[in-house]
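Structural overview for review
Spelled out, the chains give:
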Amino acid sequence: MEVIFSDRAYAAVLAETAEKIKTETGGLFLGTVIGDTWYIVEAIDPGPKSVFEVAYFEYDRAYTQHLIRKIANLYAKKLDLIGLWHRHPGSFDIFSVTDNGTNAKYAAMRSEGAISALVNIDPDFRITMYHVGAPCRYAKIPYRIGDRLFPPGLLELRSREQFERLMKNTLRPGSVPPPVRESADLGAFMRSVVPYLEPFSEQEGPKEGGAETETLAERFLDALADDLAFFSEKAGLAVSLARRGDRFVLLQERGSQTTALIFSYADRADGFVFAFDGKSYRYAPGCLRQAYEKLTAEPEQPEPEQQPEQQPEPEQQPEPEPEPEQPEEPKPGAARHLLQLFKRRSGGEHEHS
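**Here's the deal with the overall build of the chain**
Scanning the chain from N- to C-terminus turns up ten helices and 15 strands. Looking at the chain residue by residue over its 353 residues, the buried ones come to 38%. Restricting the contact set of the chain to residue pairs at least 6 apart, pairs at least 24 apart contribute 67%. Accessible surface computed for the chain: about 20,400 Å², of which carbon and sulfur atoms make up 53%.

See the structure below:
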């Protein structure tokens, strides 16, 4: 297992440390995990309202959540929050009790765990990198630096054309024709991914926006950016956005059929929730894309393919004693041939649709 820093990410850690040279500081890592390699594409700063002291540091949570969405939206490939770093005074390069709680929380966010780095200046700048497994198991791991070490495309930014297409489809749905096919059905899409979404109890109730509505509108657009790009570029879904008071609506009109997802802010959810088909669900940036990825990653259902193997009945037909029935043995083979032909055609029609 190892960590690879992009040139930009490593420079960001250096710059933040130099700026807060007399106190503790830190930041978050955005990137992805491929096999046993953790690629750090971006290292974002902790925010202006962070607490910087000689022996204590605390992140500006609202700022970092906002910046994560903004930075991740620039890249063609999906970036995730994969870890964090902070500086310790002197040569103290092990985690404190407070650090253990923070690291455990980050490790629980991903099945692979998280990475957590400690920076020391004693007297030279150095990084000690750890992998954190759940619940809070540490293992030191090496790291390297350099864009040349990244897989092709992982550092690639979204193109100008992608952003323009996203803006046009959002403001004027249908103004940019889909590249291959007409819009997919949003209702059918939602019904297929609902099992992978987190339900939200109606008893927790949405917040009525009031004076904060404008701020909520900006937060809503930031949160939805990832899924809107996914709809436009991958799922082939043409949708539009509307505002109804302090609620926001993502909708699709296909002929006489209208499908709507109604979003509102919920205090106890600390974020947005949405209603679809009479039920409510928590919303997190990119959760619709993630639900679709889970759905498409699971069709390992080879049972229908195995059914022909579970039909040894033709082998058992010689058991009947009457000799006249033996000439009928070719019929099961013919039936099996027709069954396989039907399945092959059915599979072809499924792929075509």
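Picking up after the structure, the text goes on.
**Quick notes on the packing of aromatic side chains**
Two numbers describe a pair of aromatic rings. These are the distance of the centres and the angle of the planes. On inspection of all chains with the given rule, the structure shows 23 aromatic pairs. Between F189 and F231, the aromatic rings sit 5.6 Å apart at their centres with planes inclined by 85 degrees, giving edge-to-face as the arrangement. Linking F189 in helix 5 (residues 186-193) with F231 in helix 6 (residues 213-235), this pair joins segments that are 42 residues apart in sequence. By way of ring pairs, the aromatic residues F220, F248, F263, Y265, F272, F274, Y281 and Y283 are connected into one cluster.

**What about the pairing of strand 3 (residues 37-44)?**
Counting buried positions over the eight residues of strand 3 gives eight, a clear majority of the element. Bridge analysis of strand 1 (residues 2-5) against strand 3 gives four bridges, and the strand direction is parallel. Opposite V3, over in strand 3, you have W38 as the bridge partner. Sheet topology places strand 2 (residues 26-34) next to strand 3; seven bridges connect them, and they run antiparallel. In the strand pairing of strand 3, I34 is matched with T37. Connecting strand 2 to the antiparallel partner strand 3 that follows it, the hairpin turn spans two residues, and G35 within it adopts a positive phi of roughly 65 degrees.

**Describing helix 1 (residues 7-19)**
Here helix 1 spans 18 Å end to end across 13 residues, near enough to the 18 Å set by a 1.5 Å rise per residue. Residues A9, Y10, V13, E16 and T17 constitute the buried set of helix 1. Angularly, the buried residues of helix 1 cover 125 degrees about the axis, an arc narrow enough to put them on a single face. Away from the buried face of helix 1 by more than 90 degrees, exposed residues R8, A18 and E19 are located.

**Considering the sheet that holds strand 10 (residues 143-145)**
Judged by pairing direction, the sheet is mixed, and its eight strands sit side by side in the order 9-8-7-6-2-3-1-10 without closing on themselves. Each of the sheet's edge strands pairs with one partner strand only, and the pair in question is strand 9 (137-140) and strand 10. For this sheet, the mean inter-axis angle between neighbouring strands, taken without regard to orientation, is 30 degrees. Direction of pairing for strand 8 (residues 125-133) relative to strand 9: antiparallel, over a ladder of four bridges. Paired with V132 across the bridge in strand 9 is Y138.

**Examining the packing of helix 5 against helix 7 (residues 287-297)**
Close contact between helix 5 and helix 7 brings their axes to 9 Å; oriented N to C, the two are set at 70 degrees. In this view, helix 5 runs roughly perpendicular relative to helix 7, as classed from their interaxial angle. Considering the relative orientation of helix 5 and helix 7, their crossing is left-handed. For the pair helix 5 and helix 7, contact is made by F189, M190, S192 and V193 and by L288, A291, Y292 and L295, respectively. Residues of the contact of helix 5 with helix 7, tallied by class, amount to seven nonpolar, one polar and no charged.

**A short note on the pattern of salt bridges**
Inspection of every chain in the model, using the stated rule, returns 13 salt bridges. The shortest N-O distance in the salt bridge between D80 and R110 comes to 3.5 Å. With D80 in strand 6 (residues 80-87) and R110 in the loop between helix 3 (97-107) and strand 7 (114-121), the pair connects residues that are 30 residues apart, well separated along the chain. Here D80 matches R110 in class, with each residue buried. The residue E198 makes a salt bridge to R282 at a minimum N-O spacing of 3.2 Å. With E198 in the loop between helix 5 and helix 6 and R282 in strand 15 (residues 279-282), the pair connects residues that are 84 residues apart, well separated along the chain. You can call E198 partly exposed: its relative accessible area is 47%. R282 gets classed as partly exposed once you look at its relative accessible area, which sits at 25%. Members of the salt-bridge network, linked through shared partners, are K78, D80, R110 and E112.

Definitions and cut-offs
Residues numbered from 1 in each chain as written. Predicted model: local features only at pLDDT ≥ 70, side-chain atom pairs only at ≥ 80, totals over all residues. Heavy atoms only, no water. Helix = DSSP H or I, 4+ residues; strand = E, 2+ residues; numbered from the N terminus. Buried < 20%, exposed > 50% of the residue type's maximum accessible area, 1.4 Å probe, protein only. Contact = heavy atoms within 4.5 Å. Areas by Shrake-Rupley, 256 points an atom, 1.4 Å probe, with all protein chains shown as cover. Phe/Tyr/Trp six-rings, centres within 6.5 Å; stacked < 30°, edge-to-face > 60°. Pairing = 2+ DSSP bridges. Expected span 1.5 Å × (residues − 1). Arc of directions from axis to C-beta. Axes fitted to C-alpha atoms, helices over the stretch in contact; angles between N-to-C directions. Parallel < 35°, antiparallel > 145°, perpendicular 65-115°, else oblique. Left-handed = near helix turned anticlockwise from the far one by under 90°. Nonpolar A, V, L, I, M, F, W, Y, C, P; charged D, E, K, R; others polar. Salt bridge = Lys/Arg side-chain N within 4 Å of Asp/Glu carboxyl O.

Nothing here speaks to function; it is geometry throughout.
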